[in-house]
Amino acid sequence: MNFIPYGKQFIDQDDIDTVVEVLKSDFLTTGPKVKEFEYGLSSYCGAKYTVAVSSGTAALHLASMVLLNKGDKVLTTPNSFLATSNSILYVGALPVFVDIQKNGNINLDLCEEELKKDLSIKAIYVVSFSGNMVEQEKLKYLKQTYNIKILEDNSHAIGAMYKGIKAGSCINSDISIFSFHPVKHLTTAEGGAITTNSKEMYEKLLILRAHGMIKTSGMKPWEYKMQELGYNYRITDIQCALGLSQISKLDNFIKRRIEIAKQYDKFFENTIVKPLYKFDGKSSYHLYVVYIDFSKLLITKEKLFIKLREKILVFKSIIYLLINNHIISH
Ligand SMILES: Cc1ncc(COP(=O)(O)O)c(C=O)c1O
């Protein structure tokens with residue numbers, strides 16, 4: 001097939017063998033692979049704690065439960081998948097959209113203007129759009145100056161770096177989340193994770209992931225309590241085995257994406273197609289996004305989109321190019 005689909009995973013024999021091993025074991029879920037995967041993610045990202053869950057959306061929902069209260073206002077970006085702002089609504093808080101800057105990420109200077117005007121803003125949810133992290137110095141400054149909660153939606157950005165700070169390390173945020181949908185760098189089929197350096201948040205997240213159920217030392221062995229409404233957002237051992245095997249290949253996946261991005265940079269040089277940003281050692285390139293100046297074309301965006309769909313031979317100039325792992329095998 002010549003056409004590059006929106007997403008396709010890269011699965012090799014190692015991945016298959018690890019999953020088969022779990023299928024033959026005693027635990028399909030809530031077994032040792034979940035902890036191993038969480039440990040693997042913590043080591044990869046440099047965060048103290050990781051809670052693996054059933055999807056990126058579940059990760060955002062649980063994170064919002066620990067970060068927000070009903071009625072809180074949250075600054076966030078309109079340039080994301082809808083799950084980012086939906087998670088704010090799930091807990092009865094209010095998303096307030098702030099415009100983006102040229103690289104597609106939320107404009108943190110505009111966030112500061114909002115924070116100055118409105119003291120009822122309690123948090124900022126940023127998205128590392130296309131794999132490019134937001135300016136960490138500004139994030140740190142806003143967190144310290146305005147005493148707000150920060151969530152980094154790193155669904156596009158596992159493996160990304162910003163001046164030595166790794167996506168998911170939560171150096172300047174309270175919580176970071178990832179998605180492991182097959183379109184992402186690393187997959188568990190469906191799946192997600194939350195990273196944090198706060199023990200208190202970590203412990204709360206573990207309880208909320210499993211129905212809000214707790215057991216305390218004074219209780220009878222058959223008893224459990226439910227003090228808070230939780231969910232079944234558990235991830236299986238089968239998925240975590242796949243995730244663990246994929247982590248070992250993650251740096252190579254990212255290297256390959258960067259190589260491909262550089263090829264696109266060359267290809268688009270001196271054309272009216274401008275990349276959103278040039279690689280500067282930060283992005284993990286989930287997406288390669290381009291600008292096209294339609295005022296210089298005799299075609300509208302809609303018509304170009306339809307034409308590109310029809311003409312697979314010109315797929316290289318598709319508006320929203322995904323650099324995906326499957327290219328490794330071609
Ligand atoms: C930025 C962003 N946040 C959250 C999500 C939700 O992740 P999931 O599909 O694993 O629920 C996605 C998924 O595409 C995403 O791109």
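As the structure is a prediction and not an experimental result, all values here were calculated from the model.

Colleague: Help me get a handle on the site of the ligand, residues and values and all.
Modeller: In the neighbourhood of the ligand, 15 residues make up the surrounding shell, with G56, T57, D153, S179 and K184 lying closest. At 3.2 Å from a nitrogen atom of the ligand is found a side-chain nitrogen or oxygen belonging to S155. H156 places a polar side-chain atom, nitrogen or oxygen, 3.0 Å from an oxygen atom of the ligand. In isolation the ligand has 390 Å² of accessible area, and contact with the protein removes 89% of it. The set of elements that each furnish at least two residues to the shell around the ligand consists of α3 (56–67) and α4 (83–90). Looking at the shell around the ligand element by element, the count peaks at 3 residues for α3.

Colleague: Could you give me a rundown of the packing of helix α5 (residues 108–117) against helix α6 (residues 136–146), with the residues and numbers involved?
Modeller: Axes are the key here: two packed helices are described by the angle between their axes and the distance separating the axes. Relative to each other, α5 and α6 sit at 10°, their axes nearing to 10 Å. Between α5 and α6, the crossing angle belongs to the class labelled roughly parallel. Here L108, D109, C111, E112, L115 and K116 of α5 come into contact with α6, specifically with K138, L139, Y141, L142 and Y146. A class-by-class count of the residues in the contact of α5 with α6 yields 7 nonpolar, no polar and 4 charged.

Colleague: Give me the lowdown on the pairing of strand β8 (residues 175–179), citing residues and values where you can.
Modeller: For β8, the tally of buried residues reaches 5 of 5 residues, placing the bulk of the element in the interior. Covered by surrounding structure in β8 are I175, I177 and S179 together with S176 and F178, the residues of both alternating faces. Sheet analysis places β8 next to strand β9 (residues 192–196), joined by 5 bridges and oriented antiparallel. Residue pairing in the sheet places I177 in a bridge with I194 of β9.

Colleague: Help me get a handle on the pairing of strand β5 (residues 149–153), residues and values and all.
Modeller: Of all 5 residues making up β5, 4 are buried, and the element is well covered by its neighbours. Where strand β4 (residues 121–127) meets β5, 5 bridges bridge the pair, whose relative direction is parallel. For I124, the partnering residue across the bridge sits in β5 and is I150. With respect to chirality, the unit in which β4 leads through α6 into the neighbouring parallel β5 is right-handed. With 3 bridges joining them, β5 and β8 adopt parallel strand pairing. By the bridge assignment, L151 is partnered in β8 with I175.

Colleague: Give me unusual backbone geometry: which residues, what numbers.
Modeller: Leaving glycine aside, a negative phi is the common case for residues, and trans is the common case for peptide bonds. Phi is positive for N147, close to 50°, though the residue is something other than glycine. Note that N147 resides in the loop between α6 and β5. Given a relative accessible area of 69%, N147 falls into the exposed group. A positive phi angle is found at C170, which is not glycine, with a value near 55°. Given a relative accessible area of 5%, C170 falls into the buried group.

Calculation rules
Residues numbered from 1 in each chain as written. Predicted model: local features only at pLDDT ≥ 70, side-chain atom pairs only at ≥ 80, totals over all residues. Heavy atoms only, no water. Near = heavy atom within 4 Å. Polar contact = N/O pair within 3.5 Å; in protein donor to acceptor, adjacent residues only side chain to side chain. Areas by Shrake-Rupley, 256 points an atom, 1.4 Å probe, with all protein chains shown as cover. Helix = DSSP H or I, 4+ residues; strand = E, 2+ residues; numbered from the N terminus. Axes fitted to C-alpha atoms, helices over the stretch in contact; angles between N-to-C directions. Parallel < 35°, antiparallel > 145°, perpendicular 65-115°, else oblique. Contact = heavy atoms within 4.5 Å. Nonpolar A, V, L, I, M, F, W, Y, C, P; charged D, E, K, R; others polar. Buried < 20%, exposed > 50% of the residue type's maximum accessible area, 1.4 Å probe, protein only. Pairing = 2+ DSSP bridges. Right-handed = clockwise from strand over helix to strand, strands pointing away.

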